[in-house]
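Next come the chains, spelled out residue by residue.
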Amino acid sequence: MSTTADPVALGVKSPVEEALVVKTTTTVANAIAKTVAVISSTVSSSSTTGATSTPTPTFSSSTTSTSTPTPTPIQSSSPTLENAGEEKLSVKDLSQALQHFGIVDYMVFIAMLAVCAVIGFYFGFIEKKQKKQKLADKDGGGAAGVEERRGSEALDYLVGGRQMKVFPVALSLVASFVSGISLLGTSTEIYVYGTQYAFILVTLAISGAISWYIFLPVFCNLQLTSTYEYFERRFSRRMRLFGASLFVLKAIIWLPIAVYVPALTFNQVSGIGIHTITPIVVIICTFYTCVGGIKGVVYTDVVQSVIMYGSLIVIMIKGTLDLGGVGAVLQINQEGGRLNAPEWTMDPTVRLSVFSVFVGGTFFKLQSTSINQATVQRFMSLPSLKAIKQTLITFSIGLTLLYMGCVYVGLVCYATYYDCDPMSTGLAGRRDQLVPLLVMRVLGVVPGLPGLFVSAVFSAALSSLSTLLNSLAAVILEDFVRPRMGKAMKESHVALTMRVVVVIFGISSIFMVYVVEKLGMVLQLSATLQSSLYGPMLGIFAVGMLMPWVGEKCIFVGSIASFLTMAWIAVNAQIANITGSFRHTKLPVSVENCDYDFDKSRYLNSTSEYEPHSGSSVYHMSFLLYAMMGALLTIIISNLATFVFGRQDIKDVDENLLSPILQRYLRKKNYYETVELKKANDLKVNESSD
């Protein structure tokens, strides 16, 4: 890395330096010298060194070098260090020294958690009590009041009484959509593979337009709490159970990934074990989700999204200044090959090609913004279609800005470590620890800023975790429990069911973290698993809303075949990734200017990751194509099945279950002129059933 400034030059007077003046014994002097060297090496200042000032490339090893290298930051930081000995810090010593999470940082972190807990407590107890008091005052506790309150428990807990505001819901969507996985994973993606992934931001606008014109109007008209109720209305009960089961499976897989990311970050900056902090994350999240419902989740998301934006801005500004400005950051990344575009090829095994990014990426984002239960549930908490449109636009803009911030942080990360890759030396145990390592280097000298960053990562994770837990409560209640219990289900049963679901799935994610640890990069892992499950789901909704001639048996065969195929591909892809039988080629890194001791053999053994690889198996395809392939398999197979089971009469499908675009076409062709259609109001779910 670039030569770093002495803390004294920055006005930082450490206790170690004061002790250096007092202590005179050789042993103590050596220990102090090592500590000062660590602090010196973690403080970067463009005003004294410049972004491109680097020492002579050397490898540190146990043998004595015959050449005389240019003094490294550790050797030249002070005369005392030179006299203290030539031994350099080890990776272990440097890693421990970077874990200086101070009292102020803990206070910032605890304050964030406390605010989330207070918001959940308010909506779970105070606001709920106030509402009950208003209802009691309105009707005096008579029969009318009882009837008005019937169904209000689920309605308030799951969709906020359908009276939520645009801006809070938009920020909630941003916070829950990004998650700690994207906050760290996107930056890591840029560091490892370059800016190819950043082009997927274009697909946000495309997928948003498709959502608005095809999918969201149907959900808004039907006012569904669970999106899988649509399957029963359009196809059958078993299709509803199939869709709901896939969602639950996806949640079981994804929840521990969302928990693992902040725990990994906390471990990097504080040294506290992953399995120590994980229960704390889950318990706090489970509490405010359990008691606060969707209102508690949305308004904690607002606070958490502000923390995420603030943290990214601080890292971008401080990191850029330390490196010498935006020009220096871009120049280093240009020379390192990180400013790259998707490859112009149709080869599906190319990780990020033009085809996989723009076409596959559109399907990938579409399944997240259009038919995802958590997303649709927030849209359904709004009072009108106009509010949904405003929220969708605000959400798209906010999400784009946040992703752009993550991309730039990835560029700053590479510019900081371009000549001493922490992964190759072992300073970062996993690539997903690169950004936390950058934060401790760049922000570690300012008390409270590491705490702000950790709060941001936890905020992203908690928002996604709470959103999914709340959606699980909706799906299990509406799709599994309520249909079986029917009218016998009282309000107390509804309340208990939803909260028990939140607690059970929240606690189970703690134990699943052990599995996630053994898998690959979290961004690719998350995208792979999510797409392999939601790709077939996207296909089912597309067939239901755009292909009225496809009947229940046809779509059931198509969805089962698609799901099994995608599951087989996803499992084999992860096996190939873990065993190393196939890896996408990473961009080259360097360790030529590392100023600490590391195992040279570790770096030499890792060079195979940067050699060209090729594979022709179907599970070698880009992870961005999973959603597209799953959806297309469902559509194609279900249409082929019509030759076996026959085509469904279009007139037998209720008009309100079809996309507005198709409705206009069918009306133009007079498909429905002899059919007495149900009115839209007849299809809306009564609030009493919610």
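Thresholds, definitions, all that
Residues numbered from 1 in each chain as written. Predicted model: local features only at pLDDT ≥ 70, side-chain atom pairs only at ≥ 80, totals over all residues. Heavy atoms only, no water. Helix = DSSP H or I, 4+ residues; strand = E, 2+ residues; numbered from the N terminus. Buried < 20%, exposed > 50% of the residue type's maximum accessible area, 1.4 Å probe, protein only. Contact = heavy atoms within 4.5 Å. Salt bridge = Lys/Arg side-chain N within 4 Å of Asp/Glu carboxyl O. Phe/Tyr/Trp six-rings, centres within 6.5 Å; stacked < 30°, edge-to-face > 60°. Lys NZ or Arg CZ within 6 Å of the ring centre and 35° of its normal. Disulfide = S-S within 2.5 Å. Axes fitted to C-alpha atoms, helices over the stretch in contact; angles between N-to-C directions. Parallel < 35°, antiparallel > 145°, perpendicular 65-115°, else oblique. Left-handed = near helix turned anticlockwise from the far one by under 90°. Nonpolar A, V, L, I, M, F, W, Y, C, P; charged D, E, K, R; others polar. Core = buried A, V, L, I, M, F, W, Y, C linked by side-chain atoms within 4.5 Å. pLDDT = per-residue confidence, 0-100. Polar contact = N/O pair within 3.5 Å; in protein donor to acceptor, adjacent residues only side chain to side chain. Patch = residues over 30% accessible without salt bridge, like charges linked within 9 Å, V, L, I, M, F, W, Y side chains within 5 Å. Areas by Shrake-Rupley, 256 points an atom, 1.4 Å probe, with all protein chains shown as cover.

> Can you help me understand the overall build of the protein in this one?
The helix and strand inventory of the protein stands at 28 helices and 0 strands. Each of the 690 residues in the protein was classed as buried or not, and the buried ones make up 58%. Considering only contacts in the protein between residues 6 or more positions apart, those separated by 24 or more positions represent 86%.

> Sorry if this is basic, but what is going on with the pattern of salt bridges here?
Any two side chains of opposite charge can pair, given that their charged atoms come close. Throughout the structure, instances matching the rule amount to 10 salt bridges. One salt bridge connects arginine 240 with glutamate 232, and the closest N-O pair in it is separated by 2.6 Å. Overall, arginine 240 belongs to the buried group, its relative accessible area being 6%. Among the salt bridges present, the one from arginine 240 reaches aspartate 479, with a minimum N-O distance of 2.6 Å. Here aspartate 479 lies in helix H21 (residues 449-485) and arginine 240 lies in helix H13 (residues 237-270), a separation of 239 residues in the sequence. One salt-bridge network, in which partners are shared between bridges, spans Glu232, Arg237, Arg240 and Asp479.

> Where do I start with the packing of aromatic side chains in this structure?
Two numbers describe a pair of aromatic rings. These are the distance of the centres and the angle of the planes. Tallied over the entire structure, the rule returns 20 aromatic pairs. Ring plane angle 70 degrees and centroid distance 6.4 Å describe the contact between tyrosine 106 and phenylalanine 266, whose orientation is recorded as edge-to-face. Placement of tyrosine 106 in helix H7 (residues 103-139) and of phenylalanine 266 in helix H13 is noted, with a sequence separation of 160 residues between them. Here phenylalanine 266 falls in the buried class, since its relative accessible area comes to 2%. What links up through ring pairs into an aromatic cluster is the set Phe219, Tyr228, Tyr230, Phe231, Phe247 and Phe541. The aromatic ring of phenylalanine 556 is capped on one face by arginine 238, whose charged end is 4.0 Å from the ring centroid. Over the aromatic face of tryptophan 254 sits the side chain of lysine 250, whose NZ or CZ is 5.2 Å from the ring centroid.

> Got a minute to help me understand the environment of arginine 351 in this structure?
For arginine 351, the location among the structural elements is in the loop between helix H15 (326-335) and helix H16 (354-369). Placed 269 residues apart in sequence, arginine 351 and histidine 620 show a C-alpha to C-alpha distance of 8.6 Å.

> I keep staring at the state of the cysteines and nothing clicks. Help me out?
Note on terminology: a disulfide is the covalent bond linking the sulfur atoms of two cysteines. Summed over the entire model, instances satisfying the criterion amount to 1 disulfide. Here cysteine 420 engages in a disulfide with cysteine 594; their sulfurs sit 2.0 Å apart. Between cysteine 420 and cysteine 594, the disulfide has an S-S torsion of 115 degrees and is therefore right-handed. Within this pair, whereas cysteine 420 is found in the loop between helix H18 (385-417) and helix H19 (422-425), its partner cysteine 594 is found in the loop between helix H24 (552-579) and helix H25 (600-606), the two being separated by 174 residues in sequence. Exposure remark for cysteine 594: the relative accessible area of 2% places this residue in the buried category.

> Whenever I open this one, the environment of valine 248 confuses me. Can you help?
For valine 248, the position within the fold is in helix H13. Residues valine 248 and leucine 472, 224 residues apart in the sequence, show an inter-C-alpha distance of 6.9 Å. In this view, valine 248 contacts Leu472, Ile476, Phe480 and Phe505; residues no more than four positions away in its chain are not counted.

> How should I be thinking about the packing of helix H10 (residues 166-193) against helix H14 (residues 274-323) in this particular structure?
Helix-helix packing is described using two parameters, namely the angle between the two axes and the distance between the axes. Between H10 and H14, whose axes approach to 8 Å, the crossing angle comes to 55 degrees. One way to sum up the angle between H10 and H14 is to call them oblique. For the pair H10 and H14, the sense of crossing is left-handed. Here Pro168, Val169, Leu171, Ser172, Val174, Ala175, Ser176 and Leu183 of H10 come into contact with H14, specifically with Val298, Tyr299, Asp301, Val302, Ser305, Met308, Tyr309 and Leu312. The residue makeup of the contact of H10 with H14, split by class, is 12 nonpolar, 3 polar and 1 charged.

> Would you mind showing me how to read the nonpolar core here?
Generally speaking, soluble globular proteins have nonpolar side chains that are buried together. If you look at the biggest cluster of nonpolar residues, it comprises 160 residues, and the most contacted ones within it are Phe215, Phe219, Tyr230, Leu472 and Phe541. A total of 18 residues in this core trace back to one element, the largest contributor, which is H13. Beyond its immediate stretch of four places on either side in the chain, phenylalanine 541 contacts Phe215, Phe219, Thr227, Tyr230, Phe231 and Ile371. Formed by 15 residues, the second largest nonpolar core is a distinct cluster that contains Val357, Met566, Ile569 and Phe623.

> Would you explain unusual backbone geometry in this entry?
Trans is the prevailing form of peptide bonds, just as negative phi is the prevailing case for residues other than glycine. Not every positive phi belongs to a glycine, and arginine 162 is a case in point at roughly 55 degrees. Mapping arginine 162 onto the fold places it in the loop between helix H9 (152-159) and H10. Given the relative accessible area of 5%, arginine 162 is considered buried.

> Got a minute to help me understand helix H20 (residues 434-442) in this structure?
Counting along an α-helix, one turn takes 3.6 residues, and residues three or four places apart therefore face a common direction. Most of H20 is tucked away, with 9 of its 9 residues classed as buried. Those residues of H20 that sit buried are Leu434, Val435, Pro436, Leu437, Leu438, Val439, Met440, Arg441 and Val442.

> What should I look at first to understand the environment of arginine 647 in this one?
Relative to the elements of secondary structure, arginine 647 occurs in the loop between helix H26 (626-645) and helix H27 (660-668). Take arginine 647: its relative accessible area is 59%, and that puts it in the exposed class. Between the C-alpha atom of arginine 647 and that of glycine 551, which follows or precedes it by 96 residues, the distance is 6.6 Å. If sequence neighbours within four positions are ignored, arginine 647 has contacts with Trp549 and Thr642.

> So what exactly am I meant to see when it comes to the confidence of the model for the protein here?
Low pLDDT marks regions whose predicted coordinates should not be analysed in detail. In the predicted model, the protein carries a mean pLDDT of 78, and the fraction of residues at 70 or more is 77%. By mean pLDDT, the top-scoring element of the protein is H15 (96), and the lowest-scoring one is helix H4 (residues 73-76) (34). When the criterion is pLDDT under 50, residues 1-85 qualifies, and its contacts beyond four places in sequence or with other chains add up to 122 contacts. Across residues 674-690, confidence stays below pLDDT 50; counting only partners more than four residues off in sequence or on other chains, it has 37 contacts.

> How should the side chain of glutamine 223 be read in this particular structure?
Residue position: glutamine 223 is located in the loop between helix H11 (202-222) and helix H12 (229-234). Among the polar contacts listed, one links the side chain of glutamine 223 to the backbone oxygen of cysteine 220, at a separation of 2.9 Å.

> Which parts of the structure should I look at to understand a nonpolar patch on the surface?
A surface patch of nonpolar side chains, about 720 Å² in accessible area, is lined by Val557, Leu632, Ile636, Leu640, Phe643, Val644 and Phe645. Here the nonpolar patch takes 6 residues from H26, the largest share from any one element. As for its placement among the helices and strands, valine 644 is situated in helix H26.

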